[in-house]
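# An overview of the molecular structure
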Amino acid sequence: ATMWVSKVWPWIGEAAQKNGSPPPPNGTAPGHARMRSRRNPNMCDLLFQAQMGRTKLRRTKDLPIFSRVDKQFEAMPSLIEDLENAQKQSLEPTMRALRRLMELLAPPMTEAPDQVVTQRHRAAFIAFRGPELLIRVLKRPPPMCSCLAGSCQCPLRQTPVDAQPVDDIEDPVPDSAAKFRNECLCLLRELCYSSPHLCEEMFKQRGFIASLFKFMAHKETFDNAVVLVEETLAMRCETFNLATIPDFHNLVEGLDTREMAFFCRVLAQVVFEPDDQHPDHSGSKSMDLLTARRAHTEQVAVKNTDHNHAVLVGIPCLLPRLVKLLKPPYHHRSAPEALFALLQPDRDLHLDPHIDAHFLVPMGMFALASQMSAPHLELFTLATHQVEVLFVLCTLLAGKRKADVQDAVVKLGIVDVLTSMFDYMKWDAPPADTPPPERIHGPGCECNPESALRIQFLRIVHNLCERDCENQSTKMLLLTAEEREQTERAVRGESVKLQVSADNTGRGLLHRILYVFMNESPDSTYRFWLASCIEAFLRGSNPRNQLYLCHSGLLAHLLSSISEDCNLKCPGALQTNFDLLGELLKFNPMVFRMANDILSTTKFSAFIQLAVTHLIDSNVFIRSVVLSLERFSRHPEIYDLSACALHRFIDHNRFVLLRDLMTVVTIDEINQENICCLNTALVFLLYGHHRGVMSEYVDSMRRSEVEADRPGYITANFLQLLEFWKEYYAFRGKDCLSLEYSSGIRFFEWRALVDLLCGEAGPTSLRTPGSSMGGGTACGSDTTVGACAAGGKLSSALRVKK
């Protein structure tokens, strides 16, 4: 109504002058108009009288339409205007007006309010621009007393409103002022929780986020300010830059233990890009994936997340305090065990007793928390924020400063902390089938606290081991001194039997993870992440670590699991086992001998049949085998290829495997999950190029197309995939480095091979029709290319040459 009046009022005066209707003489309106305005006041009459100077409209309530609007929206406009008028007077009437709004918009939980009515009130408050008024009041609070004269000597009097900058916030020294600001923040928090679009609007306001960070420096307003910042940043379109926060280092250093754990909820929103919330593009089309990569490349070279990582790593006390939050007695267990541990009377805790259970206790546990003492409640609070602490550390370990962060946390004893923390978790308990009754992160949240904690724990172990260079010193910390000694004995050829069991006495973190992995069901939520930790430990590791895991039973477990039918019923289980087996075998002749001994003739045929019929799942394993065999061929003294069943199979079916890898996906199906099939096919072609037989491969592919009466289904399809490959790797240097590090082949060799295949002319170009249809000897010592092309079914080529 106020906005409508401000637009209509000047127009009425201009219209009156244009129509030649001057005001009546002596400032007196006609009698009938005067009578009508007294008996049944009309809004236009009132506006006209005010325009002519005969009456004054001091408040919006004086408008006749206001009463109808106020009645329609259940007195919400009146309450908003009362708050606006009160904040011009003093703090006491402003607090009264604010409490009246709180009763409608954020009723106490003990009163079981009607959610429909509350939501209607909140919608009306937002529609009449109530949040903007709250923000103005926060930035320019009302005077502590009603004396507004400049000569007032009242000690509680604040700086006049017009003398205070908009973005400047005076420190709330009096308790009443701090309580007032806390009430405003609480009301804004409730509104943001029920109306997510409001967070996005507030994020756009200049200086609003910085103002909230300043409120975090005070204990009275810390809790609500953190929650409000978290809700606001969660709806952002871009990552907030922490470098714009004044005195951020001192803010972090001034937080106590409880506040630091709670503050990680804010840090979790600024250490990753919004685009990384859903990094899985497995279902994206090829063009959509390339478009996303182009858009990612066009962004600024140094992102806000990079700035934030630099700011956080540059705070000396941050990483030590985050690691300390993971130490006992802050470990999180299942809910009953956690409460039992927290209520033990013999704990000697020196924690800040200031706590507000309404904001810190998980949803649905307020009644239980209200019965706990302050130290126990704070300890429970620290446990509930373990997920955020792990997420912040995990993200810092995966950023551009990950090498510095890895070295720093290792010096702080992170491995011992994670080992102790692992024992506190119950891995044998299945995750909850249903989400909690109250959503942790607002409407639509499906997070399960226990499963989220375990997954974040495994992610931090993975990122601690993952590094695109040698990281042996950190990986060896996952083994105890006794385990390292047993590994050395195995390398020397001594008989070593490492039994993986539930008894963790004298065992390191890797043994614990390995035991849980080998006892998890194929459809377990955690099996993929457990395998990722083991795979990161093996990637780029020395042969000793591979032997340790083999002697621990991992090799036999993987070969047995792959052959089981249950893996085919669980999505991703087969690929997880094959990928881990590939890292376990890679470049290690001793492990190849052990695998050769485990796989008898019957088991080998079943194993290979499963691999060749599920190439998308097994292609990384096949690539590891080909890379390893190629290295062994240069050093025949370390491994006898003639005694290797895998070598005989690869050598006999080289062309058929290559053909199937080139056609297993199409340009419409390619994504981040199956682009590895292209890389495996390129490994075959690269080694064929080194032997000078790549042109024979190309001719054989064209002959297969003619015999199948399907022109281009191999060469044209693979040519499209190679064009996609070139553009895909043009946008991400990290992926190029990862491909080079995992294969031992420099990336310029990969690119040169792709350019050769995509060339306009030449015997190795997929664009040039084959000039020769004759056979060759590229597929094996006793099998011609023509024979492979004619009878190219792998099921008929499973015979192992003696």
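Shown above is the structure to which this text applies.
Residues numbered from 1 in each chain as written. Predicted model: local features only at pLDDT ≥ 70, side-chain atom pairs only at ≥ 80, totals over all residues. Heavy atoms only, no water.

## Here's the deal with the overall build of the chain
Stated precisely, the cut-off is as follows: In this description a helix means any DSSP run of H or I spanning at least four residues, a strand means any run of E spanning at least two, and both kinds are numbered starting from the N terminus. Think of it in three bands: with a 1.4 Å probe and only protein chains considered, a residue is buried below 20% of the maximum accessible area for its type, exposed above 50%, and partly exposed in between.
Check the secondary structure of the chain and you find 44 helices and zero strands. Expressed as a percentage of its 802 residues, the buried residues of the chain come to 50%.

## Considerations on the environment of Cys 199
To keep things clear, this is the line we draw: Contacts are assigned to residue pairs with any non-hydrogen atoms lying within 4.5 Å of each other.
When you line up the elements, Cys 199 lands in helix 10 (residues 196-203). Among the residues examined, Cys 199 registers a relative accessible area of 1% and is labelled buried. With 34 residues separating them in the primary sequence, Cys 199 and Leu 233 have C-alpha atoms 7.7 Å apart. In contact with Cys 199, not counting residues within four places along its chain, are Cys 192, Glu 231, Thr 232 and Met 235.

## Observations concerning unusual backbone geometry
Residue Asp 247 is not a glycine yet carries a positive backbone phi of 60°. Phi is positive for Asp 709, which is not a glycine, with a value near 55°. Relative to the helices and strands, Asp 709 resides in the loop between helix 40 (694-707) and helix 41 (715-730). Exposure remark for Asp 709: the relative accessible area of 64% places this residue in the exposed category.

## Some points on the side chain of Lys 586
Rules: In protein, a polar contact means a hydrogen-donor-capable atom and an acceptor-capable atom, both N or O and within 3.5 Å, with residues adjacent in sequence counting only if both atoms are side-chain atoms; elsewhere, any N or O pair within 3.5 Å suffices.
Position of Lys 586 relative to the elements: it lies in the loop between helix 33 (573-585) and helix 34 (589-598). Residue Lys 586 is classed as buried on the basis of its relative accessible area of 11%. Within polar-contact distance, the side chain of Lys 586 engages the side chain of Glu 583 at 3.3 Å. Beyond its immediate sequence surroundings of up to four residues, Lys 586 is in contact with Gln 546, Ser 624, Ser 628 and Ser 742.

## Concerning the pattern of salt bridges
Applicable threshold: By salt bridge we mean one thing: a side-chain nitrogen of Lys or Arg within 4 Å of a carboxyl oxygen of Asp or Glu.
Counted under the stated rule, the structure contains 26 salt bridges. The partner of Glu 259 in a salt bridge is Lys 219, with the nearest N and O atoms 3.6 Å apart. Pair noted here: Glu 259 is in helix 14 (residues 257-267) and Lys 219 is in helix 12 (residues 219-234), with a separation of 40 residues, a long-range link. By relative accessible area, which is 37% here, Lys 219 ends up partly exposed. The salt bridge partner of Glu 488 is Arg 544, with a shortest N-O separation of 2.9 Å. Separated by 56 residues along the polypeptide, Glu 488 in helix 27 (residues 481-491) and Arg 544 in helix 30 (residues 543-551) bring together distant segments of the chain. Given a relative accessible area of 29%, Glu 488 falls into the partly exposed group. Assessed through its relative accessible area of 34%, Arg 544 is described here as partly exposed. Linked through salt bridges whose partners overlap, the residues forming this network are Glu 723, Lys 726, Glu 760 and Arg 767.

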